[in-house]
Amino acid sequence: MSPATPPEAPRHPSPALPDEEARLRELGYQPVLARRMGGFGNFAISFSVISVLSGCMTLYGFGLGTGGPAVMLWGWAGVGLFVLCVGLALAEVTSAYPTSGALYYMADRLGGRRWGWYTGWLNLLGLLGAIAGIDYGAALFTGAFLNLQWGFEPTPGSTFLIFLAILLLHAALNLFGVRLVSVLNSISVWWHLAGVAAIVGALAIVPDRHQSAGFVFTEFVNDTGWANPFYVAAVGLLLAQYTFSGYDASAHLSEETANASVTAAKGIVRAIWVSWIAGFALLAGLTFAIQDYAGTVGSATGVPPAQIFLDALGTGGATALLLVVIVAQLFCGNAEVAAASRMVFAFSRDNALPASATWRKVSPRTQTPVPAVWLSVGAAAVLALPSLYSPTAYGAVTAINVIGITPAYAIPILLRLRAGRDFTPGPWSLGRWSRPIGWIAVGWVAVVTVLFCLPQKSPVTVDTMNYAVIALAVVLLLATVWWYAARRSYGTPTPYGGTAREEAELAENIV
């Protein structure tokens, strides 16, 4: 059976079949994943992937030298508003197409096979870059914890070994099934909220001295080597934009979520605005508590937030808060592996990846795409390899995440705008606000995609170059080459009840 041919519909559907299972069959897919996640669990996975205790903390040192406090705080507020527009627009399309393929399936249905193909490859690059960025950040913080506790001196090699151990842990946890993933993500929400409250509270109460509000909200610092302050401020937005990514996880888990046409859309939006508030409080709390700016930037721990904890709270308090952060980052990485593996599964189900027959296999016991989990963590390990040789590689990995996944968010939104009245909304819709919010979202994504292809340090050398743009070019080149090998086998199925226009376009594109 070709991937463009929908599986045979059951002649006598069971009356006990959930509505979402029927909807999935209407979209052309037979349900094979276990639908065991509720609305809170779906919100929790996107909230866990955004993870302010991962993104804000791991790139805090980057922010200290790329615009400083002013860019971090005001950048967070501004970026969060634009990302909320992206999330609202994406949620509307998710409600209409609640599948594990998420972004690429939406693009395919609204624009055709090539739109879906390139959206899928961009989304996959972003998701794998996110796993690498999150888990490598957790490894950096683990090294800082070991330094405080036992005097361990982190090196690139030892940090990479910790990173590999974390990847193996997340692979193992994801192999147990989506129910465990859902439980861990639900715990993660409360851990993150309580962790932010504990960090901000401790940093507000314990230190005898705090920075002034003027310093926190107006101090501009430029250690990039670039002279133009506007350029520096623009590049400094990476901290916020990197953190505000991964909320498509709610869409990727929609085939495992009850009432996904509504709950997956709500999960995206709720994850963004809750993270927006929590992240602003966290960044403000950290910045007010800086005791020695230069010492924080050049911390012997290798992690500036750890130095803030150490200076403000002493070794005991710093160690305790680092543990809070590390556990939150582990929750975050685990959720990202779940989202990425579902993307690999869905993309392989439509024959888009080399060896697709392997990656789309699902365990009959746990109903989990086991090979897809292993491919996700293995690819993330490869993406992080340059960190062994370049001190700026981590910034490049985070930029890979942003410039891979962010355009993939905008493509379905743009195609939905282009479709106009031909787009049939799902049960969750923006109504008359759909077009203005959608155009704001598309415009913002176009700006940040260009920004994060730019070099972050001057002069530009082998060590300081932004390799994210090379990774993006390589993926687009490979996707183009592979298109000519796989275009006859790749394709999403024709939806049951699809329009004649959709069926005709699909038949034309398969040729």
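This text goes with the structure placed above it.
Residues numbered from 1 in each chain as written. Predicted model: local features only at pLDDT ≥ 70, side-chain atom pairs only at ≥ 80, totals over all residues. Heavy atoms only, no water.

1. Some words on the overall build of the chain
From N to C terminus, the chain includes 22 helices and two strands. Relative to the compact-globule value of 24 Å for 511 residues, the chain shows a C-alpha radius of gyration of 22 Å, a close match. Each principal axis of the C-alpha distribution contributes one length, and for the chain these read about 70 × 45 × 40 Å. The long-range fraction of contacts in the chain, counting pairs at least 24 apart against all pairs at least 6 apart in sequence, stands at 83%. (Helix = DSSP H or I, 4+ residues; strand = E, 2+ residues; numbered from the N terminus. Rg over C-alpha atoms; globule rule 2.2 N^0.38 Å. Contact = heavy atoms within 4.5 Å.)

2. Considerations on a nonpolar patch on the surface
Together, Val462, Tyr467, Val469, Ile470, Val474 and Leu478 line one region of the surface with nonpolar side chains, adding up to about 500 Å² of accessible area. Considering the arrangement of structural elements, one finds Val469 in helix H21 (residues 468–486). Judged by relative accessible area, Val469 falls into the partly exposed class, the value being 30%. (Patch = residues over 30% accessible without salt bridge, like charges linked within 9 Å, V, L, I, M, F, W, Y side chains within 5 Å. Areas by Shrake-Rupley, 256 points an atom, 1.4 Å probe, with all protein chains shown as cover. Salt bridge = Lys/Arg side-chain N within 4 Å of Asp/Glu carboxyl O. Buried < 20%, exposed > 50% of the residue type's maximum accessible area, 1.4 Å probe, protein only.)

3. Points about the nonpolar core
Counting residues in hydrophobic clusters, the biggest one holds 153 residues, and the most contacted among them are Tyr97, Leu203, Tyr247, Leu282 and Phe309. Considering every element that reaches this core, the biggest residue donor is helix H16 (residues 304–349), with 19 residues. Ranked by size, the runner-up nonpolar core spans 10 residues in total, among them Ile45, Val178, Val181 and Ala335. (Core = buried A, V, L, I, M, F, W, Y, C linked by side-chain atoms within 4.5 Å.)

4. A look at H16
A rise of 1.5 Å per residue sets the reference length of H16, with its 46 residues, at 68 Å; its end C-alpha atoms lie only 43 Å apart and thus fall more than 12% short of the reference. Most of H16 is tucked away, with 36 of its 46 residues classed as buried. Directly beyond the C-terminal end of H16, a positive phi value near 60 degrees is found at Asn351. (Expected span 1.5 Å × (residues − 1).)

5. Regarding the environment of Leu122
Here Leu122 lies in helix H7 (residues 113–150). Leu122 sits in the buried class, given a relative accessible area of 9%. Each C-alpha atom, one on Leu122 and one on Leu476, is 7.8 Å from the other, the two residues being 354 residues apart in sequence.

6. Looking at the side chain of Thr224
Within the element layout of this structure, Thr224 appears in the loop between strand S2 (221–222) and helix H11 (229–236). One polar contact links Thr224 to Asn222, side chain to side chain, over a distance of 2.7 Å. Ignoring any residue separated from it by four or fewer positions in sequence, one finds Thr224 in contact with Gly65, Thr66, Val232, Gln456, Lys457 and Ser458. (Polar contact = N/O pair within 3.5 Å; in protein donor to acceptor, adjacent residues only side chain to side chain.)

7. As for the environment of Gly126
Here Gly126 shows up in helix H7. Under the relative-accessibility criterion, Gly126 is labelled buried at 0%. Every residue in contact with Gly126, bar those within four places of it in the chain, is listed here: Ile400, Asn401, Gly404 and Ile405.

8. Quick word on the packing of helix H5 (residues 68–96) against helix H20 (residues 434–451)
Direction vectors running N to C along H5 and H20 enclose 125 degrees, while the axes themselves pass 8 Å from each other. The orientation of H5 with respect to H20, classified from their angle, is oblique. Viewed along their axes, H5 and H20 form a crossing whose handedness is left-handed. Across the interface between the two elements, Val79, Phe82, Val83, Cys85, Val86, Leu88, Ala89 and Glu92 from H5 touch Ser434, Ile437, Gly438, Ile440, Ala441, Trp444 and Val445 from H20. Taken together, the residues of the contact of H5 with H20 break down into 12 nonpolar, two polar and one charged. (Axes fitted to C-alpha atoms, helices over the stretch in contact; angles between N-to-C directions. Parallel < 35°, antiparallel > 145°, perpendicular 65-115°, else oblique. Left-handed = near helix turned anticlockwise from the far one by under 90°. Nonpolar A, V, L, I, M, F, W, Y, C, P; charged D, E, K, R; others polar.)

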